[in-house]
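Working through the structure, step by step
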Amino acid sequence: MIPGGGQPNMQQLLQQAQKMQQDLAAAQEELARTPVEGSAGGGLVKATVTGAGELQGLVIDPKVVDPEDTETLADLVVAAVRDANNAAQQLQQQKLGPLAQGLGGMPGLPF
């Protein structure tokens, strides 16, 4: 028989939730510091974002700069940033996924 009539120990649950919250905050801070790169046009345009998805840098090879065709350059920039953001989302899943699963698996919590 479980002490307390089968109810989980609230103090223990609160401690677990607080630890997970601290772990989540640490993982989010790490993501904000981690650079992730994406590219387009065979590496002619490279974008760097943080693991949190904030654009930090953009490198454009002069070979792709054509004043007569700025549309292609714009498309390559968008594609490079999108590629970097996709990589950042994968990193977020790796870092935050296990923490979110841990929170969802805690008894007594509504998620």
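See above for the structure.
What comes next concerns the included structure.

What counts, and where the lines are drawn
- Residues numbered from 1 in each chain as written.
- Predicted model: local features only at pLDDT ≥ 70, side-chain atom pairs only at ≥ 80, totals over all residues.
- Heavy atoms only, no water.
- Helix = DSSP H or I, 4+ residues; strand = E, 2+ residues; numbered from the N terminus.
- Buried < 20%, exposed > 50% of the residue type's maximum accessible area, 1.4 Å probe, protein only.
- Contact = heavy atoms within 4.5 Å.
- Expected span 1.5 Å × (residues − 1).
- Polar contact = N/O pair within 3.5 Å; in protein donor to acceptor, adjacent residues only side chain to side chain.
- Pairing = 2+ DSSP bridges.
- Axes fitted to C-alpha atoms, helices over the stretch in contact; angles between N-to-C directions.

**A closer look at the overall build of the protein**
Within the protein, the regular secondary structure consists of 2 helices and 3 strands. The linear arrangement of helices and strands in the protein, starting from the amino end, is α-β-β-β-α. When burial is assessed residue by residue, the protein has 23% of its 111 residues classed as buried. By sequence separation, contacts in the protein at least 24 residues apart represent 51% of the contacts at least 6 residues apart.

**Here we look at helix H1 (residues 10-33)**
Taking 1.5 Å per residue as the helical rise, H1 with its 24 residues ought to reach 34 Å, and the 35 Å between its terminal C-alpha atoms agrees with that figure. Listed as buried for H1 are Leu13, Met20, Ala27 and Leu31. The backbone nitrogen of Gln11 lies 2.9 Å from a side-chain oxygen of the residue at the head of H1, namely Asn9.

**Quick look at the sheet that holds strand E2 (residues 45-50)**
Read across the sheet, 3 strands follow the order E1-E2-E3 without closing on themselves; strand pairing throughout is antiparallel. Each of the sheet's edge strands pairs with one partner strand only, and the pair in question is strand E1 (35-40) and strand E3 (55-60). On average, each strand axis in the sheet is tilted by 20 degrees relative to the strand beside it, whichever way the strands run. The sheet contact formed by E1 and E2 spans 6 bridges and is antiparallel. Counterpart to Gly38 in the pairing with E2 is Ala47.

**Description of the environment of Gly57**
With respect to the secondary-structure elements, Gly57 resides in strand E3. A relative accessible area of 23% places Gly57 in the partly exposed class. Residues Gly57 and Pro35 lie 22 residues apart in sequence; the distance between their C-alpha atoms is 9.7 Å. For Gly57, the contacting residues outside a window of four places in its chain are Lys46, Ala47 and Thr48.

Structural measurements only, silent on function.
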